[in-house]
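Structure at a glance
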Amino acid sequence: MKRYILMRLLYTVVVILGVSILVFVITHVIGNPVNTMLPLQATDAERAALKHQLGLDKPLMVQLSEFLGGMFRLDFGKSWWQQVPALGIVLHKIPATLQLVATALVIAVVVAIPLGIIAAYKPGTLLDRILTTTSLIGICLPPFWVGLMFVLFFAVKLGWFYTSGYGTIRHLILPALTLSVVPMGHLAQIVRFSMAEQLNAQYSITARAKGASDFAVLFAHALKNAATSIVTMGGMDLGRLLAGETAAVEVVFGWPGFGTLIVDTIGRQDFPLLQAEVFLVAVIICFINLAVDISYGYFDPRIRY
Amino acid sequence: MSQDIQTNAQIQIELREPEQNRNAFQRFLRRFSGNSLALIAFIVLMVIIAVSIFAPYIAPYDPAKSDIVHRLQPPSLAAPAKGGFPHILGTDQQGRDVLSRLIYGGRVSMSVAFAVVAVAGAIGTVIGLISGYFGGWVDLVFMRLVDIQSSFPGLLVALTFVMVLGPGQRNLTIALLIVGWMIHARMARSQVLTARESTMVESSRAIGCSMPRILFGHILPNVISPLITTYVLEMAHMIEAEANMSFLGYGIQPPASSWGLMIGEGRQYITNAWWLVVFPGLIIGITVLCLNLVGNWVREEFDPLQKGRH
Amino acid sequence: MTNAEDIIIVKNLIKHFPVRGGLMGKPTSWVHAVDDVSFTIKKGQTLGLVGESGCGKTTVGRLVLNLIKPTGGEVYFENKNIYDKKQCSEKEFRKCAQIIFQDAFSSFDIRKNVESIVGEPLVVHGLAGGKELKERVAELLRTVGLKPEIAREYPHTLSSGQKQCVGIARSLALKPKFIVGDEPISALDVSVRAQVLNLMRDLQEKFNLTYLFISHDIRVVQYLSNYIAVMYVGKMVEMAPTEEIFAHRLHPYTEALLTAVPIEDPRLRRPREILQGEVPSPVDPPPGCRFYPRCHYAMKRCKEEDPQLVEKAPGHFAACFADFHSSERII
C-alpha cells in the first residue's frame, strides 16, 4: 500500500511536469501577449522593451529552464497583470470556490443518493422513470443558463436571494444550487444504475431469502457494493468543478473565485498566472484521483495495492 | 436453435421471414420499436439540423438587421406595427428578431460541434485503432498522453488555445478539436484491445487477411456502434463546450451568433427581457438531451454482440 | 505407413507467455504454456493431441500455424521452416495450412453472410471473384454437406452443426494440405458430433488432408487419429500410434485419462484412477516431473529431475522414470 502510494505520487509529479511544460511551450511558441498588453498605437521599440522586460526575448530553452527552476521552488513568477506572485493570487481565490463546490456537492449527495436508491428499489415505476428522466435533463442543461434561470426566478421574481456577490449565505445558495444540478444528475443516475445492479445480484437475493429486511439489503449490502462507482463519479465531478468548470457560473453570480480568475487570466494573457493555475489544477486532480483509488480498497476488500 | 440436424448429407435451413425485402426506411423505423422517446428525440434532432442547414429559407428576418425602435419587444404572436412576420420570440437589445438569431445561431453551434466531432472522431478513431492493434511503444506513448489529458480539464486546455490563437469560430473549432480527439482514440483503442483477442481476428489471420483488412474490414465494422455512440454523445458535449466558451466571450464573436453567445449577450437584460436568455438555453438543453437519448439508443440497439446471439 | 512423407515436423517448440505486472508493464513471471514439444505428422495422417484444458495443446496448434510466435524451437512444413520468411512466405503458408475452430460462430464476422465468410479466403488471396466466387462457395458448401442456398444466410440463423460446417468450408476454401482442428466438436450438441467427425474423415480421404486434431477427449481423438500425443502442463508426456497407446500406455497420466473414459458394458467394471491433488500452475514451474504431485508411482527422483521423452518401445515415446506396464488391464 505504501509502495503503491509512493509510486502514484511519483507518477503525479511526472504528470504535473508534463502538463506544465506542455502549456508553457504552447503559450510561448504560439502566443504573443505583448500585442494585447499594449495599446494598438504602441511603437515597435515599446513592444520590444516590454518583451525584454517580460523576458520573452530570451531563447525558448532558457525561458523553459528558468520556469522549471522556479516551479520546483513553487515560484511561478509575478503575475504580469497584478505584479504580485502568481501562486499567491491563485491560492487566495481557491477558498471561495472550495466553499461553493463543497456546498454544491453536499446538496447533490443529499438529494441524489436517496432518490437514486428509491428509484432502484422500485425500477420501472412511474417514480423511477420521472427520476431518471429528470436527472438526464439536469445533466443536459448548460449550468450557466440554469444559474440565470435561478436568478430570474428566486432573486428577481421572489427576491429571496441576491443576484450576485459574495459573503453571506444568501449569496451562496443560488450558485451552489446551480453547480449541484449536474453532479446531482450524474450521482442519481449512477446510484440508480449500480444499486439496481447490486439488488439483482445473487448475494442480494440470498440476503432476502435468508430473511434480511429490505432496509438491511439496501444499506448494509447493496449500497456498500455500489459505493465504488458512486465514489468514482463523485470524484470526477469534484475534480471537474475545482478545475475551473465553475467559471461560467461564477461569472453569472459575480463570485470572486478560481473560475472567475481563470477567465480574467485568459483575457489578460497573463502567462505566469496561467501556469500557476495549471499547476494547481493538475495537483488537485491528481490527489482527488489518488484519494478515489485508495477509497476503493476500503469499499472493496478484494482490491489490494 | 431449433432442429439441429436432419440428414448426414444435407443440413436443412429454415429461411427467415423476408426481412431483407422491407425497404431500408421501414427497417430503420423498426429499430425504434419499444423506444418511442428515442424516436421523438431523433425526429427533433433532424428538425433542428434541417432548420440549421436551411436557415436562410426559414428565418423570417435577417439575424443581423437591427431595428432600434422595436428593441426588446416581448414574444408575441401579433404582427408588429411596422408589418411583417410576428416576432414570435421577441426582439433583442438592438431590435433583432430572436427567432431568426436562434436559427442562425444554431447553424454556428451545430457546425462547430459537427466539425469537431467529424475531424476529432476520424483522427482519434484511426489513432486508437492502430495504437490498440499494435500495442508496443506507440501504445505506451499514447496511453501516457491520455493519462496526462485525463488529469487535466478540457475547458482549461481549450481556453489556453483560444488565448494564444485568439477567439472566433475557426480557432474555437481548433481548440475543441485538440481537446476532443483523445476520447475517440481512447474508445477505439479499448474496443480494439478486446476485439484483437477475438477468435474472429484469429480466423481472419489464419486465412491470410492483411492487417488493414482485419482492422478496417472486420474489427471496425464490429465495434462501430460504441464508436458512433461516442460520436453522438461527444456532439452533445461539444455543443455544451461551445456554448460555455462563447458565453464567457472566448468563442464565437459578434456580429456572428451562437446559442451560447446569445445567452452571454442577453444576460445583462435579464431583468426586463427574459426571452433573450430563456430561449437559447432551452434550445441548447433540448438539442443536448436529444443527442443523449439518441446516443444511448444507438448503444443499446446496434451492438452486434448483443443482438446477434440468441 | 513408414514410407509416408513427414509433412509437419515440430522441433523443441517452446512458448512462454509473460505475466505482466508492475508499473512499467515489465513481465514479473512467465507462463510456460508449451515446454519443449516435438512431434512429426505424416502426410495424409492424423495426430491427436490430448490433454486437459490449460495444458497448452491449443497453444501448440496456434504455434504450428504461425498464428503466434514461439519463444523457441522450429516448425517445418514440407521441410520449410515456417517462422523463416525466406524459406516460407506467410501468404503461401496460409494457403496450405488452415484451422477449424472450436466455436465456429465466434470465428465469423457476424455482420457478413455465409457467402462472404466462406468466400473470404479466396478474395484475400485473389483466387476468385464475381460469378466464379459464387460458384466456388456453392461447391464448398456442397462439399461439407450444406445446401448452397445457405450462402445468403447470416451466421446467427444457423444451427450449431451448420455453423461448424460453414467453418470447415471456410477452412477448405484454399485447398489446404494441413488442417489444425482445435476441439472442432467440443462445442457441438452430442447429436451432431459424430456427423462432423465423419465429415472430417471423409474430407481427409477425399483431399488427402493431414490433421492435427486437438481435443480434451481421448475417445474423440481415437476415432480419427493414427498417432496420439498426450500433453500435461505444457509438456508432452506420451506419444504413440493409436492402438499402441490404448494397449500399452506407459505414462500414469495417460492411464488416468484412459480409465476416465466410460465403457458401454456395465459388467466390465474396472478400477478407475482418480487423480488426487491440484494441477500445478504453469507459471514458473519448479524442476522435476510436472505430474509428480498427482502421481501414484512418484519416486524421489521425480521431484528433482524432469523426465525426458524417450522411445521406450518402437514408435512409442513416454516421459516417465517408472518402468511400469499396465498393459494387462483391458479397457
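Residues numbered from 1 in each chain as written. Chains lettered and ligands numbered in written order. Predicted model: local features only at pLDDT ≥ 70, side-chain atom pairs only at ≥ 80, totals over all residues.

Looking now at the overall build of chain A. Check the secondary structure of chain A and you find 13 helices and zero strands. Traced from its N-terminal end to its C-terminal end, chain A shows the element sequence α-α-α-α-α-α-α-α-α-α-α-α-α. Each principal axis of the C-alpha atoms in chain A carries an extent, and together these give about 85 × 55 × 30 Å. When burial is assessed residue by residue, chain A has 40% of its 305 residues classed as buried. (Helix = DSSP H or I, 4+ residues; strand = E, 2+ residues; numbered from the N terminus. Buried ≥ 20, exposed ≤ 12 C-beta atoms within 10 Å, placed from the backbone.)

The subject of this paragraph is the overall build of chain C. Tallying secondary structure elements over chain C gives 11 helices and 12 strands in all. For chain C, with 331 residues in total, the buried portion stands at 44%. Sequence-distant contacts in chain C: of pairs separated by 6 or more residues, those separated by 24 or more amount to 63%. (Contact = placed C-beta atoms within 7 Å.)

So, on to the interface of chain B and chain A. At the interface, 30 residues of chain B touch 37 residues of chain A. Among the elements of the structure, helix H5 (136-150), helix H6 (154-165), helix H9 (211-248) and helix H11 (275-301) of chain B are those that each provide at least two residues to the side of chain B that touches chain A. A per-class count over the side of chain B that touches chain A returns 20 nonpolar, seven polar and three charged. (Nonpolar A, V, L, I, M, F, W, Y, C, P; charged D, E, K, R; others polar.)

A word on the sheet that holds strand E6 (residues 97-100) of chain C. Residues and elements named next belong to chain C. Here eight strands make up an open sheet; going across it, the order is E6-E7-E8-E3-E9-E10-E12-E11 and the pairing mixed. The sheet is open, and its two edges are formed by E6 and strand E11 (310-313), each paired on a single side. This sheet shows a mean twist of 25 degrees between the axes of neighbouring strands, independent of strand direction. By the bridge criterion, two bridges tie strand E10 (residues 235-241) to strand E12 (residues 316-318) in an arrangement that is antiparallel. Within E12, the position partnered with glutamate 238 by the bridge is alanine 318. Helix H1 (residues 57-64) rests against strand E3 (46-50), strand E7 (178-182), strand E8 (210-215) and strand E9 (227-232) of the sheet, and its axis sits at about 155 degrees to E8. (Pairing = 2+ DSSP bridges. Axes fitted to C-alpha atoms, helices over the stretch in contact; angles between N-to-C directions.)

Val191 and Ala282 of chain A, Ala158 of chain B together with Ala169 and Ala229 of chain C are the most contacted members of the largest nonpolar core, which totals 262 residues. The element best represented in this core is H9 of chain B, accounting for 17 residues. (Core = buried A, V, L, I, M, F, W, Y, C linked by C-beta atoms within 7 Å.)

Our focus in this paragraph is unusual backbone geometry. With the exception of glycine, the majority of residues adopt a negative phi angle, and the majority of peptide bonds are in the trans configuration. With an omega dihedral of 10 degrees, the bond running from proline 254 of chain B to proline 255 of chain B counts as a cis peptide bond. With respect to the helices and strands, the residue proline 255 of chain B is situated in the loop between H9 and helix H10 (259-266). You will see that glutamate 78 of chain C, though not glycine, has its phi angle at about 50 degrees, which is positive. Relative to the assigned elements, glutamate 78 of chain C resides in the loop between strand E4 (72-77) and strand E5 (80-81). Note on glutamate 78 of chain C: 17 C-beta atoms within 10 Å, which makes it partly exposed. A positive phi angle is found at lysine 175 of chain C, which is not glycine, with a value near 55 degrees. Structurally, the position occupied by lysine 175 of chain C is in the loop between helix H6 (160-172) and E7.

Glancing now at the pairing of E7 of chain C. All names here are of chain C. Taken across its five residues, E7 has five buried, putting it largely inside the fold. What you see with E7 is no split at all: Phe178, Val180 and Asp182 on one side and Ile179 and Gly181 on the other are buried throughout. Alignment of E6 against E7, held across four bridges, turns out to be parallel. The residue bridging isoleucine 99 from the neighbouring strand is valine 180, located in E7. Following the backbone out of E7, through helix H7 (residues 190-207) and into the adjacent parallel E8, one traces a crossover that is right-handed. (Right-handed = clockwise from strand over helix to strand, strands pointing away.)

In contact at an axis separation of 9 Å, helix H1 (residues 2-30) of chain A and H6 of chain B are set at 15 degrees when each is read in the N-to-C sense. As far as their axial angle goes, H6 of chain B and H1 of chain A are roughly parallel. Between H1 of chain A and H6 of chain B lies a crossing whose hand is right-handed. Residue-level inspection shows Val23, Ile26, Thr27 and Ile30 of chain A of H1 of chain A in contact with H6 of chain B, the latter providing Thr160, Val164 and Leu165 of chain B. Each residue belonging to the contact of H1 of chain A with H6 of chain B can be placed in one class, and the counts come to five nonpolar, two polar and no charged. (Parallel < 35°, antiparallel > 145°, perpendicular 65-115°, else oblique. Left-handed = near helix turned anticlockwise from the far one by under 90°.)

So, on to the pairing of E4 of chain C. All names here are of chain C. By the bridge criterion, two bridges tie E4 to E5 in an arrangement that is antiparallel. Residue pairing for E5: phenylalanine 77 is matched across the bridge by lysine 80. Hairpin connection between E4 and E5: a loop of two residues separates the two successive antiparallel strands, and glutamate 78 in this loop has a positive phi of roughly 50 degrees.

We now examine H7 of chain C. Taking 1.5 Å per residue, 18 residues should reach 26 Å; H7 of chain C reaches 26 Å between its end C-alpha atoms and fits that length. Immediately downstream of H7 of chain C, the backbone of asparagine 208 of chain C shows phi near 55 degrees, a positive value. (Expected span 1.5 Å × (residues − 1).)

With that out of the way, let us pick up the environment of proline 226 of chain B. Residues and elements named next belong to chain B. When you line up the elements, proline 226 lands in helix H9. Classification of proline 226 as partly exposed rests on a count of 16 C-beta atoms within 10 Å. Note: C-alpha distance between proline 226 and alanine 64 (162 residues apart in sequence) is 41 Å. Ignoring any residue separated from it by four or fewer positions in sequence, one finds proline 226 in contact with Met187, Gln191 and Arg299.

Residues and elements named next belong to chain C. For chain C, the average pLDDT comes to 82, and 89% of its residues sit at 70 or higher. Note on residues 326-331: pLDDT under 50 across the span, and eight contacts to partners over four residues away in sequence or across chains. Prediction confidence for the complex, expressed as pTM and ipTM, is 0.79 and 0.84 respectively. (pLDDT = per-residue confidence, 0-100.)

Glancing now at the environment of alanine 291 of chain A. Residues and elements named next belong to chain A. Assignment of secondary structure puts alanine 291 in helix H13 (residues 271-299). With 12 C-beta atoms counted inside 10 Å, the residue alanine 291 sits in the exposed group. Along the primary structure alanine 291 and histidine 92 are separated by 199 residues, whereas in three dimensions their C-alpha atoms are 24 Å apart.

Let's shift gears to H1 of chain C. Residues and elements named next belong to chain C. Burial runs high along H1: seven of the eight residues are buried. Here H1 has its buried residues at Lys57, Thr59, Val60, Gly61, Arg62, Leu63 and Val64. Once H1 finishes, asparagine 66 follows within two positions and takes phi at roughly 60 degrees, a positive value.

Further remarks concern the environment of arginine 208 of chain A. By the element assignment, arginine 208 of chain A lies in helix H9 (residues 202-209). Sequence spacing of arginine 208 of chain A and alanine 48 of chain A is 160 residues, and the spatial spacing of their C-alpha atoms is 77 Å.

All names here are of chain A. Where H9 contacts helix H10 (residues 214-245), the axes come no closer than 11 Å and their chain directions differ by 145 degrees. Judged by the sense of rotation from one axis to the other, the crossing of H9 with H10 is right-handed. Listed contacts from H10 to Tyr203, Ser204, Ala207 and Arg208 of H9 are Val217, His221 and Ala222. Residues that form the contact of H9 with H10 fall into these classes: four nonpolar, two polar and one charged.

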